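# Structural features, examined
One letter stands for each residue in the lines below.
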Amino acid sequence: MTPTVVLLTALSILLDVIGQLAFKLGLDQLPEHEDGFRLGHFWRQIAGAPLLWCGVSAYVIEFITWLFVLSLAPLSLVFPAASLSYVGVVLGGRLVLGETVSRRRWLGTLVITTGVMLVCATGA
């Protein structure tokens, strides 16, 4: 992979992680409904939640970045690399959200990372 593809892929991964964390933080800040779930009220809350709009913005920029990546490199190479966003989300869940991550989940994260390294090392 060229340095440009690596940089753009890393940016895409980072934006994906930021988007996921913003969605989670934004939804966690919404107040709970006393009288049960009402879809209309929920959508009004979402419309006024800045962190959710941050997540949407991150996804829009990620989409554009991903199109650049796809125009520069084979899908069979960059798509496995994009799966590193799973690793970023697990790390973000632990570090930003304070979530508990089991040993099994850390092991799965390590397996994903190893797989990406194998694909990227052998890809051309």
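Further up the page is the structure itself.
Definitions and limits used
Residues numbered from 1 in each chain as written. Predicted model: local features only at pLDDT ≥ 70, side-chain atom pairs only at ≥ 80, totals over all residues. Heavy atoms only, no water. Helix = DSSP H or I, 4+ residues; strand = E, 2+ residues; numbered from the N terminus. Rg over C-alpha atoms; globule rule 2.2 N^0.38 Å. Buried < 20%, exposed > 50% of the residue type's maximum accessible area, 1.4 Å probe, protein only. Contact = heavy atoms within 4.5 Å. Areas by Shrake-Rupley, 256 points an atom, 1.4 Å probe, with all protein chains shown as cover. Lys, Arg positive; Asp, Glu negative; His and termini not counted. Charge placed at Lys NZ, Arg CZ, Asp CG, Glu CD. Expected span 1.5 Å × (residues − 1).

### Let's talk about the overall build of the chain
Assigned secondary structure in the chain consists of six helices and zero strands. The order of α-helices and β-strands along the chain, N terminus first, is α-α-α-α-α-α. Computed over its C-alpha atoms, the radius of gyration of the chain comes to 17 Å, more than 25% above the 14 Å expected for a compact globule of 124 residues. Dimensions of the chain along its principal axes, counting C-alpha atoms only, are 55 × 35 × 20 Å. Here the chain holds 124 residues, and 31% of them are scored as buried. The long-range share in the chain, meaning contacts at least 24 apart out of those at least 6 apart in sequence, stands at 74%. Accessible surface, the chain as shown: approximately 8,300 Å² in total, 70% of it carbon and sulfur. The positive charge centre, built from 7 side chains, and the negative charge centre, built from 7, are 9 Å apart in the chain.

### Observations concerning the environment of V5
Structurally, the position occupied by V5 is in helix 1 (residues 3–29). For the pair V5 and G115, spaced 110 residues apart in sequence, the C-alpha to C-alpha distance is 19 Å. The contacts of V5, once residues within four sequence positions are left out, are L72, A73 and V78.

### Thoughts on helix 3 (residues 50–72)
Over its 23 residues, helix 3 runs 33 Å from end to end, which matches the ideal 33 Å to within 8%, given 1.5 Å per residue. Those residues of helix 3 not exposed but buried are L52, G55, A58, E62, T65, W66 and V69.

Worth remembering: the numbers are spatial, not functional.
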